[in-house]
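Commentary on secondary and tertiary structure
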There are 2 protein chains.
Amino acid sequence: MPLNQQILLDNRPTGEATVSNFKLVSSATPALQEGQVLVQHHFLSLDPYMRGRMNDARSYAQPQALGEVMQGGTAGVVVESKNPKFHVGAKVVGMGGWQQYSVVDANQSGALRKVDIAHVPLSACLGVVGMPGVTAWYGLMKICEPKAGETVVVSAASGAVGSVVGQLAKARGCRAVGLAGGPDKCRHVVEELGFDACVDYKAFPDAKSLYMALKEATPDGVDCYFENVGGMILDTVLSRMNAFGRIAVCGMIAGYNGAPLPLTQPALILMSRLKVQGFIVSEHMEFWPEALTELGTRVASGKLKYRESVALGLASAPEAFIGLLMGRNFGKQVVKLI
Amino acid sequence: MPLNQQILLDNRPTGEATVSNFKLVSSATPALQEGQVLVQHHFLSLDPYMRGRMNDARSYAQPQALGEVMQGGTAGVVVESKNPKFHVGAKVVGMGGWQQYSVVDANQSGALRKVDIAHVPLSACLGVVGMPGVTAWYGLMKICEPKAGETVVVSAASGAVGSVVGQLAKARGCRAVGLAGGPDKCRHVVEELGFDACVDYKAFPDAKSLYMALKEATPDGVDCYFENVGGMILDTVLSRMNAFGRIAVCGMIAGYNGAPLPLTQPALILMSRLKVQGFIVSEHMEFWPEALTELGTRVASGKLKYRESVALGLASAPEAFIGLLMGRNFGKQVVKLI
């Protein structure tokens, strides 16, 4: 059996996560039982939700266990199989975690998903045609329900989720406005992804100037907001919401590292008769086939664009993950293992 | 024409509203034009939303104009008529304002609603079988959508809206838990209105003790929350919400007098996958007939109980209104004029 490098959660962060929270170890992969397959990971997915699980706190998922392999999405290839449904060579997406190989009971429902979509690279099955893409699709279509002509705003607009939200909104005849950190990301969002406007929130450090910039980008107010970050950005967009606006709460990355960030004006939910709804895409598996079909078709035809930040080698995962939390990535963050 | 005593908004409050914000004047009622009727008000409705309109600030309604009669719901009797659809003696509910008489163009859609329900007193048409009752019905049925066996919590539980929310929830097989200020109100909510439990929030001045009291009253968590007050109570209930809980935001009376009250942990909306939705019942007129039919039938049959605080005489309206904002009323606050 091949030697398997793994990254464990060694200790929990106090405040910001650091590389010293993780530990790199090696072990032999166990022999396969009937029904199991050995997957060699080509790519790891790094996602903001992982930071929440590093805390030992109530959340929607169990905390990441200490001393265990960091959990996370993986795209790879079956290299040994004792399961007739998954032959050697099959490309699969699963939750293999931060390691080079995983042994998976492939009969377990949802454990492995075969991916072999024409004109869609394997790494994209962790991003635009994977969990982040479906997250964008679900929050936009099932919570925001935008109508043509409405204004859709999304934070972290150059990221794996945000970039898809804006492009799907454009495809439905909406005005798409992004919020992103830095002029490079904003230029990409407008020039490459086709958003109508993008506000560089780093250029507006106080609430008032950020509001004025957003106002200029959303002259007709905001009907739908897809929330990835929380904090001051959420406060600001909230005060631009039109009556009967819808807010899909997908992430609150701004609060992951420390004290919870308050919402300063909750009364706006009443005054503007807003719907604010949180969701987790893995609880809505019934919509994945429809979403993946649309996303795969759009990527294959070149209509849906995406960008990746690729870190090289398993050992680079902690540093890349911390960079993701600080917004240093540009597009979907993956780790390329081979 | 009869002399008409009126109460005007004389100046806007800075901080808490006071009686000196109002002014009592008298004027003759104008002669009727074709289509108009003269209504003598028997009861004025005092409602928390009026406080928001006293500010010159963005809200869902235009601010109350300075120097004009305070707007508000009224129940009365037609005493003169130049409209064949409203004969003298008809009992009507309208938006006559804080005055003894109003001249109404009765052809205008929605300006006057005839009320003559067997076994339902006129004043109740401003409360349990009126706007507050429909508010309770709409928020509970159309936003919270409680299922039998779920736990429904409502703040200001002894008030005009809250008392109906809990009783309708009980009628649908839910556990109904109130929050109210003081042991008398809490006893009424449980013993008279039939709630399963009531937490006296005045007995728990800090967030932690309030949370523990609410936890005891909601052993299975909270599935639906009908929000009338905001502030610390909203924060506390939010941390008791079950996954996929629904919060109908009807009022945030706690923030009317000054600085907006923050929501301390908005990330719970994501973690618990909550839906938080604000509404204003006057924007959902299509549901009023269904709601009023259920409410009227339940009141007439004695199944839906209500309580009123009655102030006597027009001049008592400002004091009674300020008392309402401070929670000194007990049930629906009306002013009896004759």
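Higher on the page you've got the structure.
With an RMSD of 0.0 Å, the operation that places chain B on chain A is a rotation of 180 degrees combined with a shift of 0.0 Å along the axis. The operation mapping one copy onto its partner corresponds to a two-fold rotation axis. The fraction of interface residues of chain B whose copies in chain A are also interface residues reaches 100%, indicating that both copies meet through the same surface.

What follows is about unusual backbone geometry. Residue and element names in this part refer to chain A. Backbone geometry places A156, a non-glycine residue, at a positive phi of 50 degrees. If you trace the backbone, A156 turns up in the loop between β8 (151-155) and α3 (162-171). Since 27 C-beta atoms lie within 10 Å of it, A156 is described here as buried.

Here we come to the sheet that holds strand β11 (residues 222-227) of chain A. Spatial ordering of the open sheet is given by β10(A)-β9(A)-β8(A)-β11(A)-β12(A)-β13(A)-β13(B)-β12(B)-β11(B)-β8(B)-β9(B)-β10(B), a layout of twelve strands whose pairing is mixed. Looking at the sheet topology across the chains shown, the edges are occupied by β10 (197-200) of chain A together with β10 (197-200) of chain B. On average, each strand axis in the sheet is tilted by 15 degrees relative to the strand beside it, whichever way the strands run. When strand β12 (residues 241-249) of chain B meets strand β13 (residues 275-278) of chain B, the two strands line up parallel, connected through four bridges.

Attention shifts here to the packing of helix α2 (residues 131-144) of chain B against helix α3 (residues 162-171) of chain B. All names here are of chain B. Axis separation between α2 and α3 bottoms out at 8 Å; the angle between their running directions is 50 degrees. Our classification of the angle between α2 and α3 gives oblique. Classified by chirality, the crossing of α3 by α2 is right-handed. Of the residues in α3, those in contact with P132, G133, A136, W137 and L140 of α2 are V164, V165, L168 and A169. Partitioned by chemical class, the residues of the contact of α2 with α3 number eight nonpolar, one polar and no charged.

This paragraph deals with the interface of chain B and chain A. Facing the 25 residues of chain B at the interface are 25 residues of chain A. Of all the secondary structure elements, the ones that give two or more residues to the side of chain B that touches chain A are α7 (267-271) and β13 of chain B. Partitioned by chemical class, the residues of the side of chain B that touches chain A number 15 nonpolar, eight polar and two charged.

Here we take up α3(B). All names here are of chain B. A large share of α3 lies buried, amounting to eight of its ten residues. The complete set of buried residues in α3 reads G162, S163, V164, V165, G166, Q167, L168 and A169. Residues of α3 that are buried make contact with α2, β8 (151-155), β9 (175-180), α4 (183-192) and β11 (222-227). Of the residues trailing α3, G173 is marked for its positive phi of about 85 degrees.

What follows concerns the environment of H188(A). Residue and element names in this part refer to chain A. With respect to the helices and strands, H188 occurs in helix α4 (residues 183-192). Classification of H188 by C-beta neighbours within 10 Å gives buried; the count is 22. Setting aside its immediate chain neighbours within four residues, H188 contacts S158, L193 and R307.

Calculation notes
Residues numbered from 1 in each chain as written. Chains lettered and ligands numbered in written order. Predicted model: local features only at pLDDT ≥ 70, side-chain atom pairs only at ≥ 80, totals over all residues. Least-squares fit on C-alpha atoms with pLDDT ≥ 70 in both. Contact = placed C-beta atoms within 7 Å. Helix = DSSP H or I, 4+ residues; strand = E, 2+ residues; numbered from the N terminus. Buried ≥ 20, exposed ≤ 12 C-beta atoms within 10 Å, placed from the backbone. Pairing = 2+ DSSP bridges. Axes fitted to C-alpha atoms, helices over the stretch in contact; angles between N-to-C directions. Parallel < 35°, antiparallel > 145°, perpendicular 65-115°, else oblique. Left-handed = near helix turned anticlockwise from the far one by under 90°. Nonpolar A, V, L, I, M, F, W, Y, C, P; charged D, E, K, R; others polar.

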